[in-house]
Amino acid sequence: MEEIHDIVIVGGGISGLATALALQRKGIKSIVLERHETLRSSGAAIGMLINGWRALDELGVGRRLREKSLALMDIRDVWIHKDVSRVTPCRKEGLRCLRRSDLIDALASSLPAECIRVGCQVVRIEPDPLTLFPTLYTREGEIIKAKVLIGCDGWNSVVAKCLGLAEPKTLPNLVIRGITKFSEGHQFGDSFVRQFDAKMLLGMIPIDHQLIHWFLDWLPTSTDMETSTRNPQMIKELATTKLRNHPPETLEMVRNGEPDSLSLARIRYRSPWDLLLSDAFHRGTTCLTGDAMHVMGPFLGQGGAAALEDAVVLSRNLAMALRNGEVTVLSDEEIKRRVGFGMGEYVRERRRRIASLGLQSYLMDLIFSGSNVYKLVGLVVLMVFFRGEMLKHTEYDCGRL
């Protein structure tokens with residue numbers, strides 16, 4: 001079976017759905033291909049700061065999502081063995097925590113049902129020998145020809161591989177994430193609490209007055225690496241083992257974690273210099289967004305927000321290049337010229353932003369898990385280039401659609 005579509009988006013996560021919605025709001029139709037049988041809500045929850053909310057407002061779903069989340073007033077950092085703490089106000093930065101499922105539902109429900117196709121895994125991409133537009137081959141035996149292709153398919157992106165982008169690197173850290181419901185209400189109020197214990201970080205961030213998103217980040221042993229990433233009970237047992245010296249209420253929070261929300265994963269990232277110098281983010285009428293382009297560690301809480309920014313900036317540039325028209329009415333040569341120009345402008349606009357986020361995230365990891373020498377280097381560079389302002393990156397505004 002062979003199909004032809006004007007714009008194909010590979011990946012039905014936050015990045016793919018946001019890009020499709022941004023294009024729709026500019027009057028441009030697309031189709032989203034998601035390899036799973038349903039849209040994925042894995043990943044438990046996602047922190048969102050004011051730069052991300054600006055993008056969500058442009059997409060038309062900000063108000064709806066604010067109703068499902070609690071505005072947080074401060075970030076409380078505690079170094080357990082040093083008897084040191086720090087409180088950073090964050091009211092003006094708009095920090096909230098969203099269930100990933102709520103974000104996915106808000107984006108997907110704003111799109112026409114026919115815009116999303118689940119159970120469609122792209123396994124190979126080749127240029128058409130005549131037009132040079134990308135041809136997609138799926139695991140299900142379909143052949144899909146796209147005039148415009150946008151890769152939103154995560155760190156292991158088949159579109160990124162087609163463009164020749166190198167595999168992302170892997171940090172030594174392991175991360176467990178989960179959500180716990182406190183029927184009688186939790187004790188964290190409106191504070192995001194982070195506890196640092198040697199080379200282990202436990203974070204607890206309220207979603208609302210009953211739900212807490214928690215995560216555990218540490219440098220694993222060889223035994224830790226044997227834990228199944230698909231077994232919620234084994235993940236709980238590993239987390240409680242690592243937190244055995246913490247208060248009983250912390251252990252109870254982990255034991256009561258919702259099984260469907262639990263995940264165990266390595267941290268992957270693209271180096272800041274790759275983000276700054278790579279020429280493989282765009283070629284012809286194909287480009288990347290989200291983790292496919294700039295997967296980064298969670299140390300700034302900017303992965304999801306950066307993907308939303310990508311969606312707004314890419315759609316704005318494509319709409320300007322197409323002069324707010326549909327791809328269908330243009331000749332093949334005109335499509336290549338206009339779309340290629342629009343994607344080039346998108347990459348130029350985003351490169352400095354994602355390189356800056358990538359560098360900050362990389363430095364935060366050095367400070368958290370590096371040796372004393374690397375900690376010092378990370379602190380010095382962070383102070384020199386970012387003036388030590390913890391939330392400065394949230395002031396960014398991706399602009400109007």
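About the thresholds
- Residues numbered from 1 in each chain as written.
- Predicted model: local features only at pLDDT ≥ 70, side-chain atom pairs only at ≥ 80, totals over all residues.
- Heavy atoms only, no water.
- Buried < 20%, exposed > 50% of the residue type's maximum accessible area, 1.4 Å probe, protein only.
- Helix = DSSP H or I, 4+ residues; strand = E, 2+ residues; numbered from the N terminus.
- Arc of directions from axis to C-beta.
- Contact = heavy atoms within 4.5 Å.
- Pairing = 2+ DSSP bridges.
- Axes fitted to C-alpha atoms, helices over the stretch in contact; angles between N-to-C directions.
- Parallel < 35°, antiparallel > 145°, perpendicular 65-115°, else oblique.
- Left-handed = near helix turned anticlockwise from the far one by under 90°.
- Salt bridge = Lys/Arg side-chain N within 4 Å of Asp/Glu carboxyl O.
- Right-handed = clockwise from strand over helix to strand, strands pointing away.
- 1 Å grid on protein atoms, 1.4 Å probe; cavity = no way out; pocket = protein on both sides within 12 Å on 5 of 7 lines; lining within 4 Å.
- Points joined across faces, edges and corners; volume = space filled by probe spheres on them.
- Nonpolar A, V, L, I, M, F, W, Y, C, P; charged D, E, K, R; others polar.
- Core = buried A, V, L, I, M, F, W, Y, C linked by side-chain atoms within 4.5 Å.

## Regarding helix α7 (residues 248–255)
Every buried residue of α7 is accounted for by T250, L251, M253 and V254. Looking down the long axis of α7, one finds its buried residues gathered within 155° of arc, a one-sided arrangement. Along its buried surface, α7 packs onto β11 (169–181), β13 (200–206), β14 (211–218) and α6 (232–242).

## Quick word on the sheet that holds β11
Strands pair in a sheet through their backbones, by hydrogen bonds, and they do so in one of two ways: parallel or antiparallel. One open sheet accounts for 7 strands, arranged β5-β4-β12-β13-β14-β11-β15; its pairing is mixed. The sheet is open, and its two borders are formed by β5 (84–89) and β15 (263–269), each paired with just one other strand. Averaged over neighbouring strand pairs, the angle between their axes works out to 20° when direction is ignored. Contacting β11, β13, β14 and β15, α6 crosses the sheet at an angle of about 70° to β14. Those strands touched by helix α11 (residues 332–369) are β11, β12 (191–197), β13, β14 and β15, and its axis lies near 85° from that of β11.

## What about the packing of helix α1 (residues 14–25) against helix α10 (residues 303–321)?
As a packed pair, α1 and α10 sit with axes 8 Å apart at the nearest point and diverge in direction by 30°. Between α1 and α10, the interaxial angle falls into the category roughly parallel. For the pair α1 and α10, the sense of crossing is right-handed. On the side of α1, the interface is formed by I14, S15, A18, T19, A22 and L23, while α10 contributes G304, A307, L308, A311, L314, S315 and L318.

## A few points about the pattern of salt bridges
One pass over the structure, following the stated rule, counts 25 salt bridges. Close ionic contact of D274 with K169 constitutes a salt bridge, the shortest N to O distance being 3.3 Å. Residue D274 is found in helix α8 (residues 272–277), and its partner K169 is found in strand β11; the two are separated by 105 residues along the sequence. Overall, D274 belongs to the partly exposed group, its relative accessible area being 31%. K169 sits in the partly exposed class, given a relative accessible area of 35%. Ionic pairing is found between E349 and R316, a salt bridge with its closest N-O pair at 2.6 Å. Taken together, the residues span a long stretch of sequence, with E349 in helix α11 and R316 in helix α10 at a distance of 33 residues.

## A closer look at the pairing of strand β2 (residues 31–34)
With burial as the criterion, each face of β2 is covered, one bearing I31 and L33 and the other bearing V32 and E34. Of the pairings in the sheet, the one linking strand β1 (residues 2–10) to β2 comprises 3 bridges and is parallel in character. Across the sheet, residue V10 finds its bridge partner in β2, namely L33. The handedness of the β1 to β2 crossover, carried by α1, is right-handed. As defined by bridge partners, β2 adjoins strand β7 (residues 116–118) across 3 bridges and the pair is classed as parallel. The residue bridging V32 from the neighbouring strand is I116, located in β7.

## Some points on the packing of α1 against helix α4 (residues 100–109)
Look at α1 against α4: their axes get within 9 Å of each other, and the N-to-C directions meet at 25°. Taken together, the axes of α1 and α4 are roughly parallel relative to one another. Crossing of α1 over α4 shows left-handed handedness. Of the residues in α4, those in contact with I14, L17, A18 and L21 of α1 are R100, L103, I104, L107 and A108.

## What to know about the pairing of β14
Among the 8 residues of β14, 8 are classified as buried, and the element is accordingly described as predominantly covered. Neither face of β14 is left uncovered, since the one carrying L211, H213, F215 and D217 and the one carrying I212, W214, L216 and W218 both have all their residues buried. The sheet contact formed by β11 and β14 spans 8 bridges and is antiparallel. Looking at the pairing, T180 lines up with I212 of β14. Between the end of β13 and the start of β14, which pair antiparallel, lie 4 residues.

## Quick word on empty space enclosed by the protein
Considering all chains together, one arrives at 2 cavities of 30 Å³ or more under this definition. Considered as a void within the structure, the largest cavity measures approximately 60 Å³ in volume. Taken together, L171, Y269, R270, M296, G297, F299, G358, S361, Y362 and D365 make up the lining of the largest cavity. Class assignment of the residues belonging to the lining of the largest cavity gives a composition of 5 nonpolar, 3 polar and 2 charged. If you add up the space inside the second largest cavity, you get close to 40 Å³. Lining the second largest cavity are W155, N156, S157, A160, K161, L165, A166, E167, P168 and R270. In terms of residue class, the lining of the second largest cavity is made up of 5 nonpolar, 2 polar and 3 charged.

## A look at the nonpolar core
The biggest cluster of nonpolar side chains holds 75 residues, and the ones touching the most others in it are V8, M48, L56, L107, L136, I150 and L288. Broken down by element, the residue count for this core peaks at 8 residues, all from α10. If near-sequence neighbours (up to four positions away) are discounted, L288 is found in contact with G151, S157, V159, A160, L163, L165, A280, F281, M293 and Y346. A45, L70, I75 and C97 belong to the second-largest nonpolar core, a separate cluster that totals 24 residues.

## Remarks on the side chain of S69
One can find S69 in the loop between α3 (62–66) and β4 (74–79). Taking the relative accessible area as the measure of exposure, S69 reaches 10% and is therefore buried. Here S69 is in contact with W53, R96, C97, L98 and I207, once residues within four sequence places are set aside.

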